[in-house]
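Listed below, chain by chain, are the residues.
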Amino acid sequence: MNEILSKLVVVSLSISLWTGRKKLSPEDLGLDFSKLPPEKLATLGSKKICDPEKLAVFSALKRRAERQCEAVGVRFLGGYAIPEGKADEVMKILDGVRDEFEKEKQEFLSEYDRSLREWIDANPEWAAIIEKGVEPASTAARRLGFAVQAFKVKNIDGLDKGLNEHASTLSERLIYEINQQARQAWEESYKGRPSVTRKALRPIKSMLEKLRGLEFLSPYLLTLAVQVEEVLASLPKSGPIEGRNLTSLIGILHVLGDLPLDEVPAEEEDEVAETILLETRTAEPVSLPSEWFF
């Protein structure tokens, strides 16, 4: 296991967002608290004290950072396990995203009071409710944060059981993520189409890059990467992809979408995707379903 860990860098993202929301109280709506159901049964929800569009950029930057890590790594120890050879490139990109986040934060704070007033003026009938929840700019400043750390992990003799168990699931986690990416690519770029443009190759090439970068996690991953490369190499260098070429491409996409998975990684939170995988995973070769043909 030390050999695998030595080839990985763990990148940890610590990105906090300010939602611009406050809890909606009965007083805000002029309700009699004694006549409301208890909180364990129902809650009133929240009120927006700031224009959500002003905050959307921070969510977008957070997602961009996550996507960058997901493109080359897999979730591990609360962060992302990334091939050591790609760590410098990833950190350079993340540093750029962090700088952009900080720039947007300063611009948002400099316009904070004016933005709140514009939001209140745009919702005059609810002005009193909004004003009750207004917080100082310092609160938003504390809650908006972007930090990134990169570190190596090393076993400690006699104290490494948990780490080894967690590290041993990395190949399963990678397979799970490739499954999901392939299914998404099928739905968005291939399903029901008699031909596709070369743009449709991008998600498959991205999956190949991820497999190549982490192929040392399991010999099976190297074999799979070679299969994908062979299919891509057989395609024409230009023009639309159709006929037998499209069938070959759909075939490898099907393989990527139905990779054998012993169990769904425990940290995965996508319950819908998890259910799909539990119902369809198999260790045996499967034939292409009719819907994958035209």
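This text goes with the structure placed above it.
In short, a report on the structure. (Residues numbered from 1 in each chain as written. Predicted model: local features only at pLDDT ≥ 70, side-chain atom pairs only at ≥ 80, totals over all residues. Heavy atoms only, no water.)

Considerations on the overall build of the chain
Line of reasoning, step 1. Check the secondary structure of the chain and you find 12 helices and eight strands.
Line of reasoning, step 2. When the 294 residues of the chain are sorted by exposure, 39% land in the buried category.
Line of reasoning, step 3. Long-range pairs, those at least 24 residues apart, make up 80% of the contacts in the chain between residues at least 6 apart in sequence.
Line of reasoning, step 4. Here the chain has roughly 16,700 Å² of accessible surface; of this, 51% comes from carbon and sulfur atoms. (Helix = DSSP H or I, 4+ residues; strand = E, 2+ residues; numbered from the N terminus. Buried < 20%, exposed > 50% of the residue type's maximum accessible area, 1.4 Å probe, protein only. Contact = heavy atoms within 4.5 Å. Areas by Shrake-Rupley, 256 points an atom, 1.4 Å probe, with all protein chains shown as cover.)

Considering the packing of helix 2 (residues 52-72) against helix 3 (residues 84-110)
Line of reasoning, step 1. The interhelical angle for the contact between helix 2 and helix 3, taken along N-to-C directions, is 175 degrees, at an axis separation of 10 Å. The orientation of helix 2 with respect to helix 3, classified from their angle, is roughly antiparallel. Between helix 2, through Lys54, Leu55, Val57, Phe58, Leu61, Arg64, Ala65, Gln68, Cys69 and Val72, and helix 3, the contact on the second element is made entirely by Lys86, Val90, Ile93, Leu94, Val97, Glu100, Phe101, Glu104, Lys105 and Phe108.
Line of reasoning, step 2. Residue classes in the contact of helix 2 with helix 3 are distributed as 13 nonpolar, one polar and six charged. (Axes fitted to C-alpha atoms, helices over the stretch in contact; angles between N-to-C directions. Parallel < 35°, antiparallel > 145°, perpendicular 65-115°, else oblique. Nonpolar A, V, L, I, M, F, W, Y, C, P; charged D, E, K, R; others polar.)

A look at the packing of aromatic side chains
Line of reasoning, step 1. In total, this model carries six aromatic pairs according to the counting rule given.
Line of reasoning, step 2. Both rings, one in Phe58 and one in Phe108, keep their centres 5.9 Å apart while their planes meet at 80 degrees; by these two values the pair is edge-to-face. Taken together, the positions of Phe58 in helix 2 and Phe108 in helix 3 put the pair 50 residues apart, joining distant regions of the chain. The same class applies to Phe58 and to Phe108, which are both buried.
Line of reasoning, step 3. Here the aromatic cluster, defined as three or more aromatic residues joined through ring pairs, consists of Trp18, Phe58, Phe101, Phe108, Tyr112 and Phe146. (Phe/Tyr/Trp six-rings, centres within 6.5 Å; stacked < 30°, edge-to-face > 60°.)

A word on the sheet that holds strand 6 (residues 145-151)
Line of reasoning, step 1. Read from one edge to the other, the open sheet built from four strands follows the order 4-5-1-6, with strand pairing classed as antiparallel. Each edge of the sheet is formed by a strand with only one pairing partner; in this case those strands are strand 4 (74-76) and strand 6. Looking at each pair of strands side by side, their axes are set apart by 35 degrees on average, direction ignored.
Line of reasoning, step 2. As judged from the seven bridges shared by strand 1 (residues 8-16) and strand 6, these two strands associate in the antiparallel manner. Looking at the pairing, Ser14 lines up with Ala147 of strand 6.
Line of reasoning, step 3. Sheet strands in contact with helix 8 (residues 170-190) are strand 1, strand 4 and strand 5 (79-83), and its direction is about 140 degrees off that of strand 4. (Pairing = 2+ DSSP bridges.)

Description of the side chain of Ser12
Line of reasoning, step 1. Within the secondary structure layout, Ser12 lies in strand 1.
Line of reasoning, step 2. For Ser12, a relative accessible area of 19% puts it in the buried group.

What to know about helix 9 (residues 202-213)
Line of reasoning, step 1. The end-to-end C-alpha separation of helix 9 is 16 Å, in line with the 16 Å expected for 12 residues at 1.5 Å each.
Line of reasoning, step 2. The complete set of buried residues in helix 9 reads Ile204, Met207, Leu208, Lys210, Leu211 and Gly213. (Expected span 1.5 Å × (residues − 1).)

Some words on the pairing of strand 1
Line of reasoning, step 1. Most of strand 1 is tucked away, with seven of its nine residues classed as buried.
Line of reasoning, step 2. Pairing between strand 1 and strand 5: four bridges, direction antiparallel. Directly across from Leu8, in strand 5, lies its bridge partner Pro83.

Remarks on the pattern of salt bridges
Line of reasoning, step 1. For the coordinates displayed, the defined rule picks out 20 salt bridges.
Line of reasoning, step 2. Glu118 is the partner of Arg114 in a salt bridge, and the nearest nitrogen-oxygen pair spans 2.4 Å. Remark: Glu118 and Arg114 occur in helix 4 (residues 112-122); sequence separation between them is four residues, near one turn of the helix.
Line of reasoning, step 3. For Arg117, the salt bridge identified is with Asp121, shortest N-O distance 3.6 Å. Of this pair, Arg117 and Asp121 are both found in helix 4, four residues apart, which corresponds to roughly one turn of the helix.
Line of reasoning, step 4. Salt bridges here are not isolated pairs; linked through shared partners, they connect Lys62, Arg63, Glu66, Glu70 and Arg75. (Salt bridge = Lys/Arg side-chain N within 4 Å of Asp/Glu carboxyl O.)

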